[in-house]
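So you can see what is in the structure, the chains are spelled out below.
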Amino acid sequence: MAKLHALSTQSQRSTVVQQIVAPQFSLQSQGLNQQKWTYLLANHIQFNEKADFVIKLPKPQTVTLKEWLEKIITSGQCNLLFVEQLSIDEIAHHRIQQLCAMHNVTLINLLPNKKTSAQIVQGPW
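Being a predicted model, the structure only gives us computed values, none of them experimental.

A. A look at the nonpolar core. Counting 15 residues, the largest nonpolar core has Leu41, Leu69, Ile73, Leu81, Val83 and Leu107 as the members making the most contacts within it. The leading source of residues in this core is helix H2 (residues 62-74), at four residues. Counting eight residues, the second-largest nonpolar core is a separate cluster that includes Leu40, Ala42, Ile108 and Leu110.

B. Molecular detail of the pattern of salt bridges. Under the criterion given, the structure shown has two salt bridges. Here Glu70 and Arg95 are joined by a salt bridge, their closest N and O atoms 3.7 Å apart. Here the residue Glu70 occupies a position in helix H2, and Arg95 occupies one in helix H3 (residues 90-103), the gap between them amounting to 25 residues. Classification of Glu70 by relative accessible area gives buried; the value is 18%. Since its relative accessible area comes to 38%, Arg95 is described here as partly exposed. What you see here is one network of salt bridges that share partners, running through Lys66, Glu70 and Arg95.

Scoring rules and cut-offs
Residues numbered from 1 in each chain as written. Predicted model: local features only at pLDDT ≥ 70, side-chain atom pairs only at ≥ 80, totals over all residues. Heavy atoms only, no water. Core = buried A, V, L, I, M, F, W, Y, C linked by side-chain atoms within 4.5 Å. Buried < 20%, exposed > 50% of the residue type's maximum accessible area, 1.4 Å probe, protein only. Helix = DSSP H or I, 4+ residues; strand = E, 2+ residues; numbered from the N terminus. Salt bridge = Lys/Arg side-chain N within 4 Å of Asp/Glu carboxyl O.

If you want it as structure tokens, here you go:
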């Protein structure tokens, strides 16, 4: 019984999919792990500064997006995964949520800010 309790409290951080409007985000609230990578899959949104352990990749076509997400999440080297306008079917969405929970990855759906033309994710890098 103690082992079950320990497993349920092991993760301090939420691994559910979050939706935020760029640029309103702070990595301080996400429990940034400097030993794992932060990924950004986007075509129009970028980080405001260069930082260590950050990888920006162009967002692939919808057909291959699910595969990329699964590979990144299951690699064991990802802490935060930002995706610009994440749109996948319900079954794939559920699968990605399960993988995020299993591998302690936070997936963040970035929505472009319609009010400003600058699409930059700002944070304390």
